[in-house]
Amino acid sequence: MSAPAPLSARLTDPLITALRHGQALDEAAAGLGVDLRAVWVRARTDTRLAVALAGRDLDARTERGHALRADCLRLLAPVPATS
């Protein structure tokens, strides 16, 4: 099985918007023509998408703080060696 095409930044924002308006993930992804596996791959490095997938409000002050801390920690984490 081949890897899904990466989820572009251009499609991430409409996906987040759909999730924030209560649309189910599979319906939102299908409407944008995005593979669900690509969404989960992108969520590993896109904190805004991860927060939206958790069903949280990205604009809430506490969530903004969580997102900023997560981004900081992700940037500080060592990159695993590839073999």
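A brief report on the enclosed structure follows. Because the structure is predicted, anything quoted here is derived from the model rather than measured. (Residues numbered from 1 in each chain as written. Predicted model: local features only at pLDDT ≥ 70, side-chain atom pairs only at ≥ 80, totals over all residues. Heavy atoms only, no water.)

1. Some words on the packing of helix H2 (residues 25–32) against helix H3 (residues 36–43)
The geometry of H2 relative to H3 is characterised by a closest axis approach of 9 Å and an angle of 105 degrees between their N-to-C directions. Relative to H3, the element H2 is oriented roughly perpendicular. Between H2 and H3, the residues in contact are Leu25, Asp26 and Ala29 and Leu36, Val39 and Trp40, respectively. Here the residues of the contact of H2 with H3 are counted per class, giving 5 nonpolar, no polar and 1 charged. (Axes fitted to C-alpha atoms, helices over the stretch in contact; angles between N-to-C directions. Helix = DSSP H or I, 4+ residues; strand = E, 2+ residues; numbered from the N terminus. Parallel < 35°, antiparallel > 145°, perpendicular 65-115°, else oblique. Contact = heavy atoms within 4.5 Å. Nonpolar A, V, L, I, M, F, W, Y, C, P; charged D, E, K, R; others polar.)

2. Some thoughts on the nonpolar core
One finds Leu7, Leu15, Leu19, Val34, Val39 and Leu49 to be the most contacted residues of the largest nonpolar core, which totals 17 residues. Of all elements in the fold, only helix H1 (9–20), H2, H3 and helix H4 (47–53) reach the threshold of two or more residues within this core. Leaving out residues up to four positions away in the same chain, Leu7 has contacts with Thr12, Leu15, Val34, Ala38, Val39, Arg42 and Leu49. (Core = buried A, V, L, I, M, F, W, Y, C linked by side-chain atoms within 4.5 Å. Buried < 20%, exposed > 50% of the residue type's maximum accessible area, 1.4 Å probe, protein only.)

3. Describing the pattern of salt bridges
In this structure the tally under the stated criterion is 3 salt bridges. Arg48 is paired through a salt bridge with Asp13; the nearest N and O atoms lie 3.0 Å apart. With a gap of 35 residues between them, Arg48 in helix H4 and Asp13 in helix H1 connect regions that are remote in the sequence. A salt bridge links Arg37 to Asp35, with the nearest nitrogen and oxygen atoms 3.1 Å apart. (Salt bridge = Lys/Arg side-chain N within 4 Å of Asp/Glu carboxyl O.)

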